[in-house]
Amino acid sequence: MADARYRLVDQSALSLVSEVQAASADPRAITIMIKPSALSRTHRWRLICRDREGAERLVEDARKALDNM
C-alpha cells in the first residue's frame, strides 16, 4: 500500500458540528455539517472513506461523540 498523505484544509471544534450523515450518491462518502458562526456561513465537509463499512463506522462514531457532548 502507498503511504497516505493528508493536508489540513479546515478545522472546527466538535461543538460546532451540527450533523453527520451518509452521503446519498456514494456509499463511501459522508457529509459533516458545521454550524455557522458570526463571521461565516454553514460549511459542509465531504469525506470519502476507503469503503462503505469505514464510512458507516465513522458516521456512527461521530454521532456517538456528538451525543456525549
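Look above for the structure.
The rules we used
Throughout this document, residue positions are counted from 1 along each chain, in the order its sequence is written. Reporting in this predicted model follows two pLDDT cut-offs: at least 70 for local features of residues, and 80 or more for side-chain atom pairs to be given and counted; totals over whole chains, interfaces and linings ignore these cut-offs and use all residues. Think of the side-chain values as coming from all heavy atoms in the structure, minus any hydrogens and water. Any two strands with at least two DSSP bridges between them are considered paired. Only DSSP runs of H or I with at least four residues qualify as helices, and only runs of E with at least two residues qualify as strands; both kinds are numbered from the N terminus onward. Under this scheme, a helix contributes an axis fitted over its contacting stretch, all axes are lines through C-alpha atoms, and angles between N-to-C directions fall in the 0 to 180 degree range. Note on definitions: a residue-residue contact is assigned when non-hydrogen atoms from the two residues lie within 4.5 Å.

A. Spotlight on the sheet that holds strand S3 (residues 43–48). Judged by pairing direction, the sheet is antiparallel, and its three strands sit side by side in the order S1-S2-S3 without closing on themselves. The strands lining the two open edges of the sheet, one partner per strand, are strand S1 (17–22) and S3. On average, adjacent strands in this sheet sit at an angle of 20 degrees to one another, irrespective of strand direction. Relative to strand S2 (residues 29–34), S1 runs antiparallel, the two being bridged by five bridges. For Gln21, the partnering residue across the bridge sits in S2 and is Thr31. Along the sheet face, helix H1 (residues 52–67) touches S1, S2 and S3 and points at about 155 degrees away from the line of S1.

By themselves, these observations are geometric and do not establish any function.
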